[in-house]
Amino acid sequence: MGILPVSASADGLTTGQKNLYGTPGGLLDMPTAEMAPDGEIATTLSYFDGFSKTTLTFQILPRLTGSFRYSATDNLSTSFKTFYDRSFDLKFRLLDEGPVRPAVAIGLRDFIGTGVLAGEYVVATKSIGDKLRLTGGVGWGRLGSNNSIGSTGNRDPFSFAAVGNGGTFSADDWFRGDFAVFGGASYDATDRLSLAVEYSSDDYDLERAVGIYDTDLPINFAASYKINDNIRARAFTLGGEEFGLSVTIAFNPKNAPSPGGIEEAPLPVGVRAPGRAADLGWTADNTATTQLTAAVDKSLDQVDLDLHGIEIRGTSAHILIRNNRYDAGSQALGRTLRSLSRTLPASVETLHVTLIQNGIPLSTMTMKRRDLERLENAPAREALTAVRFEDSLRFGDIPAPLAQTYPRFDWIIAPFWRFSLFDPGEPLRSNAGLRFGGDFHIGSGWIASGSVSAKLIGNLGNLTRVNNSKIPRVRSDTALYADRDEPVIDYLTLAKYGRLAPDVYSRVTAGYLETMYAGASGEVLWKPVDSRLAFGVEVNYVRPRDFNQLFGTRSRHTPSGTIPEFNGHVSTYYDFGNGFHGQLDGGRYLAGDWGATISLDREFANGWRVGAFATKTDVSAGNFGEGSFDKGIRITIPLAWMIGTPTKQSTDFVIRPLTRDGGQRVNVNGRLYGVIREGHQPEIAKSWGKFWR
Amino acid sequence: MFRKTSIIALLAALALSACSNNKSDLDSLELVKGIFSQQRKIQPSDPQVVARSLTKAMANSEGPLALLHLKRTQTTTVLREIETNGAYRTWAAYGSSDRRSLTTKGGIITATRGLGFDLMSSDVNGVLALITRRQNGTAKLVQRYLNGENIIYEIVADCTVIRGPEQTTKVGNQTRHTTEMTARCIAPDHEFTNTYLVSGNGQIVQAQQWLSPYYGHALIQRLR
């Protein structure tokens, strides 16, 4: 009896390769059942003879991939020189590979766009040895167009006339119409070089009909080369007639360049000599408190933490700190406690540390000094069970801010770079310039903030998209706001943060809230210190600002309707505790439309977030216009991850296929949830390993 | 075509290259330093410089001293004790304000800080007991690290400790009579062998131990 050289691949049939569509897979036009490593985020650019695709792919779960694509095809339609199209894909693995059984996946291409790339498939991939992978599948739509072998009902063929607004789910067409089989093989020739051949079931009917694709042979070849862990390049040919290239740049939030960071060592815990804890002699010294305050302040200063308030009694101490450096709250707390262990008199046994942000207490953490001494060399999880997080308001008398706390002024001068994607005239437009910003901390919770920016270079103002909005123009006048060569006021506000009751936080902001709106915004948030659930309410009063973004406001009347004065939302936030976070907002949007926004993010403990959101309001798809409803993808990249030293700075990207007037909210700085959550137990516990770092 | 990638690099650079009065914000200089210090080529130590530093430390200081050699970076550092916590001693470079530290228990490194890819904590009691008693046996060795997500993971190794030959060893300026103890350790994804030299009174005077997947082996010698 012969033994087949088959076994399940050691890596769970994952691949770093991306196909022509930018989705994980070792083939070219055809899908496979391979997945990317969990959490990987990759951008792929592929090009051949007038066809380009730029795809952002995220491995949402080990068995689920999501992709967003921007494709450009020259001369596809007589109406456009280049036909630009946005599309979304999903691929789900139904079965993992077994010793004999192949992995099986099911997928949808372009399931929520115009449908020009639409295709569905069921595909199986099996590894044979370490190097060879064989794939076979059956496809519908584009993937059922070459040598169809049968049909499952009717499918509306793609036509430009039927595109309409796009953005609709055409679920009736999924897995309908003609279907065909496809297959292929990929082979890892070396550690870096992989080769692939496929038999394609995509006949490029649409492109053939207009004469921009005329390859006869449905056989494609590709060679992929891994330049380093992050970059791969590919050369390929379709039918031996079309030749093209693609490049993939991939990151995995789980793989930091310097795991654990390269920042300086913390101070070691200062351990008290036995018997010293009973010595309360220092309490008789009138100058002791002043000296201790200075010592604690100096010690915290060495680790870039700010002392906000302090109270030391015979056996306990309560310290208020502001953490502007450590992205992991646990690290700020760990370093504070170690500073205290080296500065406070031996009799002080109970240590309370309150995190202050925007002038209000977020939470108070309590740890016994003997536990700090005892657990310094123990696994971090033991320290987590030894500390307690409570609402600071449960301590009736938190220390008052030190005299040096208010007033204080923080300023920043930084370059800025703002961009707009997918304008039909130019897919990427941007402005760059300089920004000056400042925060004046007037008193407890009172902050005056402002930011002025000046464009130095850019073409954001040249957006060519015609404003054909049918509802009040709340966001679609972007170009008019962006086309400013003189300095503009980005925002100028006075805000008051407060604590209304235990678990309850408040914010009131008034002034020039954002580039397009002035007014006032009020918010209340309920969030217990140890809760993964929060509720919020926000009400805003707005006036549209002048296009020059100085001190004036303009009429609320726009050619397609009047911008209402009031809008607002009720929000529910929930951290699922498994790396996913959900948010549901319901209420009235800027254009007066009523509806709801649902957001789902995958959150990594190191601060990376990758998510998607969608808003549906009572504005009909027809009135909304292209895209049918507001939706987008957002990514947050913590800079600490990139550079390996702690910083709270991060870079946010929001990619919307299109920004229109439906489902839009006013942008207010300092919304409560993001600020408060950082100082609460569930968020701090996520990266608790940094407590001792 | 390649615009989108340069976007990310450009944006990251722009977002970072700020200048502010807040010491916690990164300025452009720090960014550049940050990027290069992550990738910098650490110079191997010059034996003569190390020898001078050693002589100076022996002559001008009191208290415990040790010598650390990291195989991966080919660096040798004279360490002085800066703090103790029970059986644990924390060390830092002698004659340097370099804020990195190292913790040992009974002569075995149990933690590092500021080296990068830090060893966060260890359970060494089982191995330590066998070694100091110069006994054959098996014990677990647990070493913990932070992963790229800032979450602790453990490398749990099963170690077989074997008593080896007796030998004389030169440690610092002294010649010591020692017993060589070897621990052969097997963890799910790693295999390593640690070698310890133990003095007659059960003190580990030298440990050549596997520190982490990144650093591989480190050698620590107790000088005083």
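Residues numbered from 1 in each chain as written. Chains lettered and ligands numbered in written order. Predicted model: local features only at pLDDT ≥ 70, side-chain atom pairs only at ≥ 80, totals over all residues. Heavy atoms only, no water.

A.B. asks: Can you help me understand the domain arrangement of chain A in this one?
C.D. replies: Interfaces are often sized by the amount of accessible area the parts lose when they come together. Residue and element names in this part refer to chain A. Domain annotation of chain A identifies domain 1 (41-251), domain 2 (295-405) and domain 3 (408-683). Summing the contributions of domain 1 and of domain 3, the shared interface buries around 1600 Å²; its carbon and sulfur component is 73%. Summed over the shared surface of domain 1 and domain 3, the result is 1 salt bridge. The salt bridge involving Arg 86 is made with Glu 626; its shortest N-O contact spans 2.7 Å. Taken together, the connections running from domain 1 to domain 3 amount to 3 residue pairs in polar contact (both at pLDDT 80 or more). Of all elements in the fold, only β2 (51-61), β3 (64-77) and β4 (80-95) reach the threshold of two or more residues within the side of domain 1 that touches domain 3. Looking at the side of domain 1 that touches domain 3, the element that brings in the most residues is β2, giving 5 residues. (Domains from an automatic or database assignment. Buried area = accessible area lost by both parts, 1.4 Å probe. Salt bridge = Lys/Arg side-chain N within 4 Å of Asp/Glu carboxyl O. Polar contact = N/O pair within 3.5 Å; in protein donor to acceptor, adjacent residues only side chain to side chain. Helix = DSSP H or I, 4+ residues; strand = E, 2+ residues; numbered from the N terminus.)

A.B. asks: Would you explain the pattern of salt bridges in this entry?
C.D. replies: Side chains that differ in charge, positive against negative, can pair when their charged atoms come close. Residues and elements named next belong to chain A. Under the criterion given, the structure shown has 58 salt bridges over all chains. Where Arg 677 meets Asp 575, a salt bridge forms, and the shortest distance between an N and an O atom there is 3.5 Å. Of the two residues, Arg 677 sits in helix α10 (residues 672-677) while Asp 575 sits in strand β28 (residues 566-575), which places them 102 residues apart along the sequence. The exposure class assigned to Arg 677 is buried, which follows from its relative accessible area of 8%. Shared partners join several salt bridges into a network, and the residues in it are Arg 507, Glu 523, Glu 538, Asp 585, Arg 665 and Arg 671. (Buried < 20%, exposed > 50% of the residue type's maximum accessible area, 1.4 Å probe, protein only.)

A.B. asks: Mind showing me how you'd approach the pairing of strand β25 (residues 533-544) of chain A here?
C.D. replies: Strand residues, when the strand is regular, have side chains that alternate between the two faces of the sheet. Residue and element names in this part refer to chain A. Only one face of β25 is buried: it carries Ala 534, Gly 536, Glu 538, Asn 540, Val 542 and Pro 544, and the other face, with Leu 533, Phe 535, Val 537, Val 539, Tyr 541 and Arg 543, is open. Pairing of strand β24 (residues 517-526) with β25 involves 10 bridges; the strand directions are antiparallel. Considered in β25, the bridge of Gly 519 is made with Val 542. With 9 bridges joining them, β25 and β28 adopt antiparallel strand pairing. Each residue of the ladder has a partner; that of Glu 538, found in β28, is His 569. (Pairing = 2+ DSSP bridges.)

A.B. asks: I would appreciate a short explanation of the environment of A:Ala235 in the present structure.
C.D. replies: All names here are of chain A. With respect to the helices and strands, Ala 235 occurs in strand β12 (residues 231-238). Separated by 84 residues in sequence, Ala 235 and Ile 319 have C-alpha atoms that sit 61 Å apart. Excluding residues within four positions of it along the chain, Ala 235 makes contact with Phe 221, Ala 222, Ala 223, Gly 244 and Leu 245. (Contact = heavy atoms within 4.5 Å.)

A.B. asks: How should the confidence of the model for chain B be read in this particular structure?
C.D. replies: Low pLDDT means the predicted atomic positions in that stretch should not be read closely. All names here are of chain B. With 81% of its residues at a pLDDT of 70 or more, chain B shows a mean pLDDT of 84. With pLDDT under 50 throughout, residues 1-11 is counted as low confidence; its partners more than four residues away or in other chains account for 17 contacts. Both scores are given for the predicted complex: the pTM is 0.90, the ipTM 0.89. (pLDDT = per-residue confidence, 0-100.)

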